[in-house]
Amino acid sequence: MTKLLKNAQKTLLNNRRSGYTLPTNNKLYPAQWNWDSAFIALGYSHFNLNFALEEINTLLKGQWKDGMIPHILFHDKNTKYFPNHTVWNCGNKIASSGITQPPIIVSVLRQILEGNKISKKQKGRVKEIVKKLKKYIEWFIKFRDPKKNGLISILHPWESGYDNSSIWDDPMSKVKVEKNLKYKRGDIKVVNPEQRPLKTDYDRYVTIKNHLKANKYNPTKLYKISKFNVIDIGFNSIFLRALKDLIILLKRYNISYSNLKKFSKKSEKQLTKLYDSKKDIFYAYDVKNKKKIIVPSITNFFILYADIKNNLLNKKIIKSLKKYNKGKKYIFSSIKPDHKSFEEKRYWRGPIWINCNWIIYQGLKNKDKIFSSYVKKKTIGLVNKKGFHEYYSCKSGNAMGAYNFSWSAALYLDLVLNKN
Ligand code: GLC
């Protein structure tokens, strides 16, 4: 085993607390995050299956009664983090945030199960996990697509996982900041502020969050009145893939799935309609303001991960992806470098993120062997050179944000060790 693989394991183990793992060992994110935990579990599955299942189990302990799995679980309450548990003031059994994140945990679970031998004892545990994930996916359908259009809304940019992406610029510009807003950010004390979201962004994040809280996180009501309601391509792609993987898992464990199949078909059809063939781009839809959002974000290419059954469209998407960072030494920038909103260092507005590359690679590998191998090689090469950081400049490759970042280590393990 190479030194870096050992370091990747060490990074995860050093960030591990009781039953869950922090996104990093510095002070930036002192809690358990939803999609981070999914990636982290995948990393563990390459050297400790029990830790992988435990990571998922702990996350599911925080599931709300209605099925939602929060985006943050605050196991440790003595934290200076903002927004901490007192600010959200909610949770079921474990203090949590009141919003969710991309449900990639479902697909990751399937991948873990297919890559490992599961003991009889573990099988029982897994069946319980699958039942809970079914409830989670049904929660999205019930509350985030109440009209059953086949597309899921997010009600806060934080739900996407790509917090300050330029995709949200237009809908966020319409959010009127609450008067006398009081909060203290901790992130800009730990990381250079030029690599983090702006104050105007935070003012709006907090305004939306306060509104969700004032409405007691009531999912039925908030779909209609939230200050932010967007159908995003990346999120819906991860959701659709989760739905497909869930159906496979439900079949395997003899749990009913009939209503999900219908929704999955509809979702695939509707998602495909968000492709603008003239501009050769997928667009997000601002439900609140009834407006298309056209921003060239790498997350639009998560559509490949959804594995839609349309070869012609997949080919077009891949062609367009090949042009996205053409001739660049490092791939993939979170926003296309020639777009007016691109910023080399500012978080989700330009830097390279290992989880995005990993999702794209997963989507490509059964569609374009040569290009997918290239993406894998470039991603591994960047981490080999710069280590496990939160994000990287697409111009210089320089590492930014938090160091010892768990999902960069976990996905490095998967990219290097997974032979599929
Ligand atoms: C930031 C990221 C989000 C991630 C979290 C913890 O909020 O935008 O994607 O889950 O940090 O790493």
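Shown above is the structure to which this text applies.
## So, the packing of helix H2 (residues 34-44) against helix H15 (residues 354-364)
Describing two packed helices takes the angle between their axes plus the distance from one axis to the other.
So, step 1. Relative orientation of the contacting elements H2 and H15 amounts to 65°, with a least axis distance of 12 Å. Comparing their axes, H15 and H2 come out roughly perpendicular. Along this stretch, H2 crosses H15, giving a crossing that reads as left-handed. Residues Trp35, Phe39 and Leu42 of H2 form the contact with H15, whose participating residues are Asn355, Trp358 and Ile359.
So, step 2. Split into classes, the residues belonging to the contact of H2 with H15 amount to five nonpolar, one polar and no charged.

## Focus: the sheet that holds strand E5 (residues 153-154)
So, step 1. The sheet built from four strands is open, its strands ordered E5-E6-E9-E10 with antiparallel pairing. The open sheet has two edge strands with one neighbour each: E5 and strand E10 (291-293).
So, step 2. Pairing of strand E6 (residues 230-231) with strand E9 (residues 284-286) involves two bridges; the strand directions are antiparallel. Pairing of valine 230 across the sheet is with aspartate 286, part of E9.

## Let's talk about the pattern of salt bridges
Two side chains of opposite charge can pair, provided their charged atoms sit close to one another.
So, step 1. This structure, assessed with the given rule, holds 23 salt bridges.
So, step 2. A salt bridge links arginine 110 to glutamate 114, with the nearest nitrogen and oxygen atoms 2.9 Å apart. Placement of the pair is arginine 110 and glutamate 114 together in helix H5 (residues 105-115), with a separation of four residues, close to one helical turn.
So, step 3. For aspartate 245, the salt bridge identified is with arginine 241, shortest N-O distance 2.9 Å. Of this pair, aspartate 245 and arginine 241 both sit in helix H12 (residues 233-252), four residues apart, roughly one helical turn.
So, step 4. On the basis of relative accessible area, arginine 241 is assigned to the buried category, the value being 15%.

## Let's talk about H15
So, step 1. The element H15 is extensively covered by neighbouring structure, given that eleven of its eleven residues are classed as buried.
So, step 2. Those residues of H15 that fall on the buried side of the exposure criterion are Ile354, Asn355, Cys356, Asn357, Trp358, Ile359, Ile360, Tyr361, Gln362, Gly363 and Leu364.

## With respect to the side chain of asparagine 92
So, step 1. Checked against the element boundaries, asparagine 92 lands in strand E3 (residues 90-92).
So, step 2. A residue is classified by how much of its surface remains accessible, and asparagine 92, at 16% relative accessible area, is buried.
So, step 3. Of note is the side chain of asparagine 92, whose polar atom sits 2.8 Å from the backbone oxygen of glutamine 63.
So, step 4. Ignoring anything within four residues of it in the chain, the contact list for asparagine 92 reads Lys61, Gly62, Gln63, Trp64 and Lys65.

## Describing unusual backbone geometry
So, step 1. Here the residue pair phenylalanine 82 and proline 83 is connected by a cis peptide bond, since its omega of -5° sits within 30 degrees of zero.
So, step 2. Mapped onto the fold, proline 83 is located in the loop between strand E2 (72-73) and helix H4 (85-88).
So, step 3. Note the cis peptide between isoleucine 331 and phenylalanine 332, where omega equals -15°.
So, step 4. Residue position: phenylalanine 332 is located in the loop between helix H14 (311-324) and H15.
So, step 5. A positive phi angle, near 55°, is found at asparagine 89, a position not held by glycine.
So, step 6. Structurally, asparagine 89 is set in the loop between H4 and E3.
So, step 7. We classify asparagine 89 as exposed; its relative accessible area is 57%.

Calculation rules
- Residues numbered from 1 in each chain as written.
- Predicted model: local features only at pLDDT ≥ 70, side-chain atom pairs only at ≥ 80, totals over all residues.
- Heavy atoms only, no water.
- Axes fitted to C-alpha atoms, helices over the stretch in contact; angles between N-to-C directions.
- Helix = DSSP H or I, 4+ residues; strand = E, 2+ residues; numbered from the N terminus.
- Parallel < 35°, antiparallel > 145°, perpendicular 65-115°, else oblique.
- Left-handed = near helix turned anticlockwise from the far one by under 90°.
- Contact = heavy atoms within 4.5 Å.
- Nonpolar A, V, L, I, M, F, W, Y, C, P; charged D, E, K, R; others polar.
- Pairing = 2+ DSSP bridges.
- Salt bridge = Lys/Arg side-chain N within 4 Å of Asp/Glu carboxyl O.
- Buried < 20%, exposed > 50% of the residue type's maximum accessible area, 1.4 Å probe, protein only.
- Polar contact = N/O pair within 3.5 Å; in protein donor to acceptor, adjacent residues only side chain to side chain.

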